[in-house]
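# A closer look at the structure
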Amino acid sequence: MVAKKAMLVGNNYPGQQAELKGCVNDVFIMKDILMKIKGFQEKDIKILIDTDSSYMQPTGENIRKELSAMCANAQPGDYIFMHFSGHGTQVPSAEEDDGKNEAICPTDMNLIVDDDLRDIANTCKKGVNFTLLTDCCHSGGMLDHKEVMIEGDKKKDPDAVPPEFAGRELPISSVCQILSQQMGKTIEPRGVRGALSEKYGAAASKYAVGMIENYSGQKMNNAQKKQIAGFLTMCFSKLGVDGDQAGGAQSGGAHGGGGSSGGGAPQKIARPDSVADDVGILITGCQSHETSADVRAGGTAYGALTKNIEKSLSQNPNANYYELVHMARDGLASGGFTQNPCLECSDENAKLPFICPSV
């Protein structure tokens, strides 16, 4: 029997300088869509929100763990869906053409970068129907598909005036300020990767941490190198790679050539393979250089993309991905919003019903 599974992630960041208002509401908007239009059972919808302690908290570790399990356990023909509502940011990267990794911001700021999402998506078996919807800033390119069905600027309504809203962008400088408050010391943007490793240890993303010494621009002493080498060795162990294959992460050189007493420089984590265009369908709140809106209107708050997805499906419950994203873009234009949602997937997948056939 075909299974339908979903995880809905809402981060309002209560009490933080990054606080938003509409992200948890987005979760329950999407839950209604899944149950009333798409035929999901409540027991098959995992909710992670940070405004109610009775729910699983949307920390970086929890989000990665739940998404990894959902993707790995899905069987060919199953429908799986993740919706993320919250802040997005960009982390300095020497490997990206634009010098930045797109990232989503969990409530604890244990960042999840685009490489994490690609790595997890690649665990899906062939034939699994996986949809990712990111209602956050800088969300374009999260899966790095080569095929992009909808992108660029939409048509604008020059007379439209948007309601009050806040951007769902969290500059890396603000991420550093929050981490500085949590850790009791100053964290600079170039040192954010090292800070994530120090604060979260094994729970940090191996891709967000990356080659810490290179990105931080700071020399590490032997004790720090040993700490990071141990972390990397654990990562390699979980991947089924032994110390020699890992290039001597414990001892600092290929096959231990550096000697254990020196601790060794951390080995660079290889980037995950690109996601094939028939693996995963990504709907983004905006392009990678843009911001998405957290709307405050009529006594309520919501994400501009999520609300327009809801409106579009109320008009056409059987809309395919291509139709739905165009309808949402038209709705955003008529509302005066400048963000440009994108659809990243193969041409074949763009013609499929959003998530799954409606009931």
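In this convention, every chain numbers its residues from 1, walking through the sequence in written order. Local features are withheld for residues below a pLDDT of 70 in this predicted model, meaning they are given only at 70 or higher, and side-chain atom pairs are given and counted only at 80 or more; totals for whole chains, interfaces and linings count all residues. Remark: hydrogens and water are excluded; side-chain values derive from all non-hydrogen atoms of the structure.

### A word on the environment of leucine 313
Strands here mean DSSP runs of E at least two residues long; helices mean DSSP runs of H or I at least four residues long; both are numbered from the N terminus. By secondary structure assignment, the location of leucine 313 is in helix α9 (residues 304-315). Spatially, the C-alpha atom of leucine 313 lies 8.2 Å from that of isoleucine 33, the residues being 280 residues apart in sequence. Only heavy atoms enter the contact rule, under which two residues are in contact if any of them lie within 4.5 Å. When sequence neighbours within four positions are dropped, the list of residues in contact with leucine 313 reads Ile33, Ile37, Leu324 and Phe354.

### Topic: the pattern of salt bridges
Any Lys or Arg side-chain nitrogen found within 4 Å of a carboxyl oxygen on Asp or Glu counts as a salt bridge. A full pass over the atoms with the stated rule returns 14 salt bridges. Residue lysine 185 pairs with glutamate 198 through a salt bridge whose shortest N-O separation is 2.8 Å. Here lysine 185, found in the loop between α4 (172-183) and α5 (192-200), pairs with glutamate 198, found in helix α5; they are 13 residues apart in sequence, far enough to count as distant. As a salt-bridge pair, glutamate 310 and lysine 307 come within 3.1 Å of each other at their nearest N and O atoms. Of this pair, glutamate 310 and lysine 307 are both found in helix α9, three residues apart, which corresponds to roughly one turn of the helix. Taken together, the shared-partner salt bridges connect Asp26, Asp135, Arg168, Asp294 and Arg296 into one network.

### Things to note about the packing of aromatic side chains
In this scheme Phe, Tyr and Trp rings, the latter by its six-membered ring, pair at centre separations within 6.5 Å, and the angle between planes marks the pair as stacked below 30 degrees, edge-to-face above 60, and tilted otherwise. All chains considered together, the criterion is met by four aromatic pairs. Seen in terms of ring centroids, phenylalanine 81 and phenylalanine 354 are 6.0 Å apart; in terms of plane orientation they differ by 80°. Their pairing is edge-to-face. Here the residue phenylalanine 81 occupies a position in strand β3 (residues 79-85), and phenylalanine 354 occupies one in the segment after α11 (347-350), the gap between them amounting to 273 residues. You'll find phenylalanine 81 and phenylalanine 354 in the same group, each marked buried. Grouped by ring-pair contacts, the aromatic residues Phe81, Tyr321 and Phe354 constitute a single cluster. Burial classes: relative accessible area under 20% of the type maximum marks a residue as buried, over 50% as exposed, and values in between as partly exposed (1.4 Å probe, protein chains only).

### Re the side chain of glutamine 339
If you trace the backbone, glutamine 339 turns up in the loop between α10 (321-334) and β13 (342-344). Under this definition, polar contacts are N or O atom pairs within 3.5 Å; protein pairs additionally need one hydrogen-donor-capable and one acceptor-capable atom, and for neighbouring residues in sequence, both atoms have to be side-chain atoms. A distance of 3.0 Å separates the side chain of glutamine 339 from the backbone oxygen of glycine 285, its partner in a polar contact.

### Observations concerning the sheet that holds strand β12 (residues 300-303)
Strand pairing is assigned whenever DSSP detects at least two bridges linking the two strands. Taken in spatial order, the three strands line up as β9-β11-β12 in an open sheet, and their pairing is antiparallel. Across the chains shown, the open sheet's two edge strands, defined by having one partner strand only, are β9 (165-167) and β12. The average angle at which neighbouring strand axes cross in this sheet is 20°, direction not considered. Here strand β11 (residues 293-297) runs beside β12; their pairing, made up of four bridges, is antiparallel. Bridge assignment links aspartate 294 to a residue of β12, and that residue is glycine 303. For every element, the axis is a line fit to its C-alpha atoms; helices are fit only across the contacting stretch, and the angle between N-to-C directions ranges from 0 to 180 degrees. Running over the sheet, helix α1 (residues 23-36) touches β11 and β12 and is turned about 75° from β12. The strands touched by α9 are β11 and β12; relative to β12, the strand with the most contacts, the crossing angle is about 90°.

### Focus on the packing of α9 against α10
In the contact formed by α9 and α10, the axes pass within 9 Å of each other and the chain directions differ by 120°. When the axes of α9 and α10 are compared, the crossing they make is right-handed. Taken together, the residues of α10 that come into contact with α9 (itself represented by Ala304, Leu305, Asn308, Ile309, Ser312, Leu313 and Gln315) are Leu324, Met327, Ala328, Gly331 and Leu332. For the contact of α9 with α10, the per-class residue count stands at eight nonpolar, four polar and no charged. Left-handed describes a crossing whose near helix is turned anticlockwise from the far helix by less than a right angle; the clockwise case is right-handed. Residues are grouped as follows: Ala, Val, Leu, Ile, Met, Phe, Trp, Tyr, Cys and Pro are nonpolar; Asp, Glu, Lys and Arg are charged; all remaining types, including Gly, are polar.

### As for α4
Owing to its 3.6 residues per turn, the α-helix brings residues three or four apart onto one side. If you check α4, its first and last C-alpha atoms are 16 Å apart, about what twelve residues at 1.5 Å a residue would give, namely 16 Å. Looking at α4, one finds that the buried residues are Ile172, Ser174, Val175, Cys176, Ile178, Leu179 and Ser180. As for α4, its buried residues are in contact with β4 (87-92) and α5. Where α4 terminates, the next one or two residues include glycine 184, which has phi positive at roughly 75°. Under the convention used throughout, the expected extent of a helix is 1.5 Å for every residue step, that is, one less than its residue count.

### Observations regarding the nonpolar core
Buried Ala, Val, Leu, Ile, Met, Phe, Trp, Tyr and Cys residues that are joined via side-chain atoms within 4.5 Å together make up what is termed a nonpolar core. Leu67, Met82, Phe130 and Leu179 are the most contacted members of the largest nonpolar core, which has 51 residues in total. With sequence-adjacent residues up to four places away left out, leucine 179 is seen in contact with Met109, Ile187, Val192, Ala195, Leu196, Lys199 and Tyr200. Counting residues in hydrophobic clusters, the runner-up holds 39 residues, among them Ile150, Tyr302, Leu343 and Cys345.

### Let's talk about the packing of α4 against α5
For the pair α4 and α5, interaxial distance at closest approach is 11 Å and the crossing angle is 35°. Like other packed secondary-structure pairs, α4 and α5 cross with a definite hand, here left-handed. Contacts from Ile172, Val175, Cys176, Leu179, Gln182 and Met183 of α4 reach α5 at Val192, Ala195, Leu196, Glu198, Lys199 and Tyr200. Here the residues of the contact of α4 with α5 sort into nine nonpolar, one polar and two charged.

### Describing the pairing of β11
The pairing of β9 with β11 spans three bridges and is antiparallel. Along β11, the bridge assignment pairs phenylalanine 165 with valine 295. Hairpin connection from β11 to β12: two residues lie between these consecutive antiparallel strands, with glycine 298 at a positive phi of about 60°.

### Considerations on the confidence of the model for the protein
Across the protein, the average pLDDT comes to 82, with 75% of residues at 70 or higher. As a per-residue measure, pLDDT tells how confident the predictor is, with possible values from 0 to 100. Taken as a whole, residues 211-222 scores under 50 in pLDDT and shows 26 contacts with residues more than four places along the chain or in a different chain. In the predicted structure, residues 231-239 sits below a pLDDT of 50 and forms 18 contacts with residues beyond four places in sequence or in another chain.

### Focus on the sheet that holds strand β5 (residues 100-105)
Read across the open sheet, the three strands follow the order β4-β5-β6; overall the sheet is antiparallel. Bordering the open sheet on either side are β4 and β6 (112-113), each of which pairs with just one other strand.

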